Amino acid sequence: MTQPSTTTEPAAAADDTMTVRGGVPVEGELDIRGSKNALPKAMVAALLTEETCRLTNIAAIRDIDVVDELIGIAGGSVEHDPDQIRITAHSFSALGEDDVERLHAASRIPVLTTAVSLHRTGTAVVAAPGGCAIGPRPVDFHLRVLRAFGARDDHREGMIHLRADRLRGARIELPFPSVGATEQFLFAAVLAEGDAELANAAIEPEILDLISVLQKMGALISVEPNRTIRVTGVKALGGFEHRVIGDRLEAASWASLALATGGRITVRGVQQQDLATFLNVYRRAGGDFTIDAAGSTISFRRARRMLRPLAIETDVHPGFMTDWQSPFVTALTQAEGVSVVHETVYEDRLGYTDALRSLGAQIQVFTECLGPTRCRFGAANHRHSAVVVGPTKLHGAELVVPDLRAGFSYVIAAAAAEGDSVIHGVGLLERGYADFRTKLTAVGVDHS
Ligand code: EPZ
């Protein structure tokens, strides 16, 4: 058995290990619940009011646990039913350094409560954030936004202390349309004094879902055609009831599994328009799909014996999402010919290709920009482009999961490979793929 791929953290605990017996086309149906990248942000929005907020279409994912804990420490209450989360933040006290250090290391969500803490207490603490092993993932854009609103920051031993008596609206332009920094802007602007404007904002469906939540709470927000967001601050916000959008990133991951194994997977609970770019690329590669009248049930399948190679460039919405990249590129190892991938959102999101090579894939990674866009990473020597030669017969290997989406790619490759693969660290997948093992069984992947 090949040694675990070297691109990842030390092997995880035994119960975190899965054996996958590959070589069988998948077949099955799955219900996809609330988006991992929308649900926790709606929970943060609930901290902007003392009224009770209700969220439905809940996915049991690890990032919720982090926000649950944060809300509890800050003095709010969170009640869970099988399909509803109720949040009431009667009071809110700023997190201490120890809690900030622990929670910010566990997830990218806690940093989003910085603006909330400034509104409710006049103080906040930020630490170097957590998230996945896909690059440094700094928070400099978040700090730029908060300083523009009048927050003063003081750096002490790896912690950033912020103070603001009252946040005041400002005009800001982001160097890059960052999802998190756009969310931080929204949380700051909705209760700030006066008008605020964010140019070069992110407008992913998950951002628009958060804007819907804030609008239900009483906020005044407009999104301009040139991706500028304008907000007029209000005195107070009320509670809300909201059904979180389905997880389009999870849907695309399962679709890529069907493509790679020559199977068929039907997903219920996501919206066609949120997957429009993915669907086009899927069909170009030789996959196909049928979609019901409501556009919320999509049956994915491979439509050709041999998949077609493609040139893929990731981008912000409505481009090809960076979170679709690793699962989909894994399927391209089965395409007949040479595919080219240019990852322009994260500088280090091709590490998973080392592991795919250990299963027999032929992938070469480059520092050049191999795509029409000269991105931020081309001159900075980051290995952010790849060439994939296919089709390659994959064989079993032993792998260690480095991050959420790469981990799913390993499962795809193992399911497409002949023979057994052992994957360590699959617990990381529960961060974003609720009931992961149950779903694998439902689509017929032989795993234990
Ligand atoms: C969100 O991360 C998602 N996570 C990511 O999904 C997703 O890939 C990403 O947006 C892009 O769509 C959640 O929503 C929890 P960014 P976020 O700020 O907000 C740089 C997954 O697998 N940047 O849009 O952290 C950053 O380094 C995860 O579901 C700064 O330089 O992403 C990156 O290169 C992975 N300074 C780029 O911007 C900052 O202050 C995009 O990051 C902030 C970001």
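What counts, and where the lines are drawn
Residues numbered from 1 in each chain as written. Predicted model: local features only at pLDDT ≥ 70, side-chain atom pairs only at ≥ 80, totals over all residues. Heavy atoms only, no water. Domains from an automatic or database assignment. Contact = heavy atoms within 4.5 Å. Buried area = accessible area lost by both parts, 1.4 Å probe. Salt bridge = Lys/Arg side-chain N within 4 Å of Asp/Glu carboxyl O. Polar contact = N/O pair within 3.5 Å; in protein donor to acceptor, adjacent residues only side chain to side chain. Nonpolar A, V, L, I, M, F, W, Y, C, P; charged D, E, K, R; others polar. Pairing = 2+ DSSP bridges. Helix = DSSP H or I, 4+ residues; strand = E, 2+ residues; numbered from the N terminus. Axes fitted to C-alpha atoms, helices over the stretch in contact; angles between N-to-C directions. Parallel < 35°, antiparallel > 145°, perpendicular 65-115°, else oblique. Left-handed = near helix turned anticlockwise from the far one by under 90°. Buried < 20%, exposed > 50% of the residue type's maximum accessible area, 1.4 Å probe, protein only.

(A) Quick look at the domain arrangement of the protein chain. Each domain of the protein chain was delimited in the assignment, giving domain 1 (14-26 + 304-447) and domain 2 (39-243). Taking only C-alpha atoms into account, the centre of domain 1 sits 31 Å from that of domain 2. Residue-level contacts link 19 residues of domain 1 with 19 residues of domain 2. Summing the contributions of domain 1 and of domain 2, the shared interface buries around 1,600 Å²; its carbon and sulfur component is 59%. Of all residues in domain 1, the largest losses of buried area upon contact with domain 2 belong to Val316, His317 and Arg431, amounting jointly to 41% of the total for that side. Where domain 1 meets domain 2, there are one salt bridge. There are three residue pairs in polar contact (both at pLDDT 80 or more) connecting domain 1 and domain 2. Grouping the amino acids of the side of domain 1 that touches domain 2 by side-chain chemistry returns eight nonpolar, four polar and seven charged.

(B) Region of the structure containing the pairing of strand β7 (residues 152-156). Pairing geometry for β7 and strand β8 (residues 159-163), over five bridges, is antiparallel. Bridging from a neighbouring strand, His155 pairs with Ile160 of β8. From the end of β7 to the start of β8, which pair antiparallel, there are two residues, and Glu157 there has a positive phi angle of about 40°.

(C) Up close: the packing of helix α8 (residues 248-261) against helix α12 (residues 404-416). Where α8 contacts α12, the axes come no closer than 9 Å and their chain directions differ by 20°. As far as their axial angle goes, α12 and α8 are roughly parallel. The handedness of the crossing between α8 and α12 comes out as right-handed. Across the interface between the two elements, Leu249, Glu250, Ser253, Trp254, Ser256, Leu257, Ala260 and Thr261 from α8 touch Arg405, Phe408, Ile412, Ala415 and Ala416 from α12. Broken down by class, the residue content of the contact of α8 with α12 amounts to eight nonpolar, three polar and two charged.

(D) Focus on the pattern of salt bridges. Counted according to the given criterion, the structure contains 25 salt bridges. Here Arg120 and Glu50 are joined by a salt bridge, their closest N and O atoms 3.7 Å apart. One end of the pair, Arg120, is in helix α4 (residues 114-121); the other, Glu50, is in the loop between α1 (39-45) and β3 (52-56), and 70 residues separate them in sequence. Overall, the relative accessible area of 25% leaves Arg120 in the partly exposed class. Measuring nitrogen to oxygen at the nearest pair gives 2.8 Å for the salt bridge that ties Asp81 to Arg86.

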